[in-house]
Amino acid sequence: MTTFGLAQPVRRVEDPRLLKGEGRYTDDIQPAGQLRGVVVRSPYAAARITGIRTEEALKVPGVAAVYTGADLKTDGIGGLPCLVPMTNRDGSHRANVPHPVLADGAVRHVGDPVAFVVAETVEAARDAAELIEIDYDGLSAVTDPEAALKADAPLVWPDVSGNQVFDWEIGDRAKTEALFAQAARVTKLRIVNNRVVVASMEARAALAEYDASSGRWTLSTNTQGGWLLKDQIGPEVFHVEADKFRVITPDVGGGFGMKLFLYAEHVLTCYAARKLGRPVKWTSDRSEAFLCDTHGRDNVTEGEIATDADGRFLALRTRNIANMGAYLSNFGPYIPTFAGTGVLASVYGFQSVYANVVGVFTNTVPVDAYRGAGRPESNYLVERLIDETARALGIDRVELRRRNMVLPTQMPHQTPVGKTYDSGDFLRVLDAGLARFDWAGFDARRAQAAARGKLLGRGLSYYLEATGGAPSERAEIRFADDGFVDVYVGTQSTGQGHETAYVQLTADRLGVDGSRVRIRQGDTDTIPVGGGTGGARSLYSEGQAILATAATVIEKGKRAASEMLEAAPADIAFAAGRFSIVGTDRGVDILTLAAEQHRAIREGREGTILDTAEVAKVDAHTFPNGCHLAEVEVDPDTGHIEVVRYVVSDDVGKAINPLIVRGQVHGGVAQGIGQAVFEHTVFDPDSGQLLSGSFMDYALPRAGDLPDIDVDLVEVPCATNPLGVKGAGEAGAVGSPPAVMNAILDALSSRGVLQLDMPATPARVWEALQAAPRAA
């Protein structure tokens, strides 16, 4: 593949295999005797179940079983856990409600699983599913998080007062209020961060096999790391040791946070496989995915900035109402609280920040992490609020940001919400972006657009991400008998290009050609621990583990080489893949040495196996940051928006592979533009039906909707990891929504439109123009 070192734009080693159709995804696995499962889902958003009759379904040829919540309860199957403990402002604990695998007497959102049909073919299972008779007693539903908090709102859970899951806070409230009291100006803004459907290219799937002799399951499923599933499904659901489960993750076609979690279908396939003694597979179809995959975002937030007479930020105060859906997903409460509020201070020198987050139950699909996981929501609020503050103060929006940015000389910088930034040169990154965008040349472009009858607007946002995830990571290096170096990693690629980056790291440290390195992932038996992938953690976490493992391999190699070359270990040097005696030309390359040591052990001679595993402690996470700049053209007659220009100036620390980094940013920007302009998840407020339940009604951006995305990398090395890298996987989705919306409002402001929520669809834009003062 490569003899290149680090920081080279090496093409992805995964791509030839995937592009030739040689990828192996969960649904491609076809074990002998496989049965197919279909989930029967609720058509009601809120209802009591008064009866279920399965007799006719069981008569369908090929049907092996039909399971309901009563069957699972009889067999002691537990529910799906929420993994986030939380204390409310008053010291009480958050609401804790059950999340049954199959409905237990009631359904709480459209798509709630009610029964599981298992048959020889998926067609037979679907035919049988249609014959199951379920008696529902419909109840009133609530889908809007603000409406759910009203006194007369229907209760999603009868014992959760006011539908309030938690009432949480962070920051120094007293100090914040004191700063607001002395402020020369306070600017307020209320925004809606719209709910999005994840819509990964590959739908979720699960294939379970059970070995009665060992009492172990093998669950093949498209995850972002099987260890989290294994540790839940064993102890929490089946009440057995976690090691009774082997989770295999094959190729995965996109995750974006949604594939991190334990789902009902994981449990159902494992349950049925044990009951029936045969492999059982479930594969979601696209319409089903809209109803059973966790959704993202869905916040309503009020923010306020207090400024002094010179336009310097004193304090930030926010109140966020976060929709949790009908149940608490694995990390649902964590996203708008611990994750999201950690970046509220962003790159600015606020003296104090106070945030109140209220979690709310509604009769909707559960909400959890989606690319950025709370950080896009907070950055969106802050950057929209800064533009509003600039307008209110009459200060240029770029100048207002400059005036308040934390300087490199202030690093490490402690924020009011407890984060410590190790590095950053925010002014340099901002200036690089403005120059690349040709910010100063905008007026001429605006005049050209006006001549065509279009409104042109420019917008910017400066984002800051706080990466996260498990506090350690493991790597293992094995020298295989076929002459390859196998690297076993505890992260899980879902399309990011991990294999390429890890090959580059390994090849660089061990001095072997990249074509001789293979990355192994996704098997909890061969890789005993792993942190998985999420929070843009993979490169700096797994990278540290690979470095530590490679260092141990080299130390072992020096001892082995000293024996082979009959020299003292202190006289052995390692460089460019070769161990040699200092000052001589005598030496041996690492692959030959490793093979000889294996041969010696097999023949009963003494030898030193170079194979090594190490677990690296991840002491600190990273703070990627950057400036997004967008230019949009609005047709005032139709409300149609076109993003015509887009520039990103990004600090992701040292870029191991700039080509992959830019690709990650491109994808994140596409998703951010999607949320800002296209994607609108709509529930009927009365029935709770998902009205945007397919791609006929839910608009994803297409290639023609996106501009060329120009990404400039400004490297400010991270000081808390040996690679100097900062997570890049989520950054594009964090900075793009506010940049695009600020640009849209800049275009519309000349017509009197000063506020608009995402998504800025043509209908919404046109209606805003008609309602604006100048529209008359």
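This text gives an overview of the structure that appears in the document. Residue positions are given per chain, counted from 1 along the sequence in the order it is written. For this predicted model, a pLDDT threshold of at least 70 governs which residues receive local features, and a threshold of 80 or more governs which side-chain atom pairs are given and counted, while totals over whole chains, interfaces and linings are taken from all residues. Excluding hydrogens and water, the side-chain figures rest on all heavy atoms present in the structure.

For the rest of this paragraph, the subject is the nonpolar core. Residues Tyr-348, Phe-426, Tyr-462, Tyr-646, Ile-744, Leu-748 and Leu-756 are the most contacted members of the largest nonpolar core, which totals 79 residues. The element that contributes the greatest number of residues to this core is helix H19 (residues 731-748), accounting for 8 residues. Leu-505, Ala-545, Phe-574 and Val-588 belong to the second-largest nonpolar core, a separate cluster that totals 38 residues. Among buried residues, the Ala, Val, Leu, Ile, Met, Phe, Trp, Tyr and Cys ones that are joined through side-chain atoms within 4.5 Å form a nonpolar core. Whether a residue is buried, partly exposed or exposed follows from its accessible area with a 1.4 Å probe, protein chains only, as a fraction of its type maximum: under 20%, in between, or over 50%, in that order. Under the scheme used here, helices are H or I runs from DSSP no shorter than 4 residues and strands are E runs no shorter than 2 residues, and both carry numbers assigned from the N terminus.

Our next topic: the side chain of Thr-221. Its location among the elements puts Thr-221 in strand E10 (residues 216-221). According to the relative accessible area criterion, Thr-221 is buried, its value standing at 0%. A polar contact of 3.1 Å, which involves the side chain of Thr-221, links it to the side chain of His-266. The criterion used for residue contact is that any of the two residues' heavy atoms lie within 4.5 Å. Leave out the neighbours within four places in its chain, and Thr-221 touches Thr-26, Ala-205, Ala-206, Leu-229, Val-247, Ile-248, Thr-249, Pro-250 and His-266. Side-chain atoms alone can form a polar contact between residues adjacent in sequence; in general such a contact is a pair of N or O atoms within 3.5 Å, and within protein one must be able to donate a hydrogen while the other accepts it.

What follows covers the packing of aromatic side chains. Two aromatic rings from Phe, Tyr or Trp, using only the six-membered ring of Trp, form a pair when their centres are within 6.5 Å; if the ring planes differ by under 30 degrees the pair is stacked, by over 60 it is edge-to-face, and anything between is tilted. Under the definition given, this model contains 21 aromatic pairs. Measuring from centroid to centroid gives 5.1 Å for Tyr-67 and Tyr-271, while their planes differ by 80°, and the two rings are edge-to-face. Taken as a pair, Tyr-67 in strand E3 (residues 63-68) and Tyr-271 in helix H8 (residues 264-276) lie far apart in primary sequence, 204 residues in all. This pair shows no difference in class: Tyr-67 is buried, exactly as Tyr-271 is. Centroid distance Tyr-348 to Phe-350: 6.5 Å. Interplanar angle 80°. Geometry classified as edge-to-face. Assigned by exposure class, Tyr-348 and Phe-350 land together as buried. Taken together, Tyr-210, Trp-217, Phe-238 and Phe-245 form an aromatic cluster joined through their ring pairs. For a lysine, the NZ atom is tested; for an arginine, the CZ atom; a charge sits over a ring if that atom is within 6 Å of the ring centre and within 35 degrees of the ring normal. Against the face of Tyr-488 rests Arg-478, its NZ or CZ located 4.1 Å from the ring centre.

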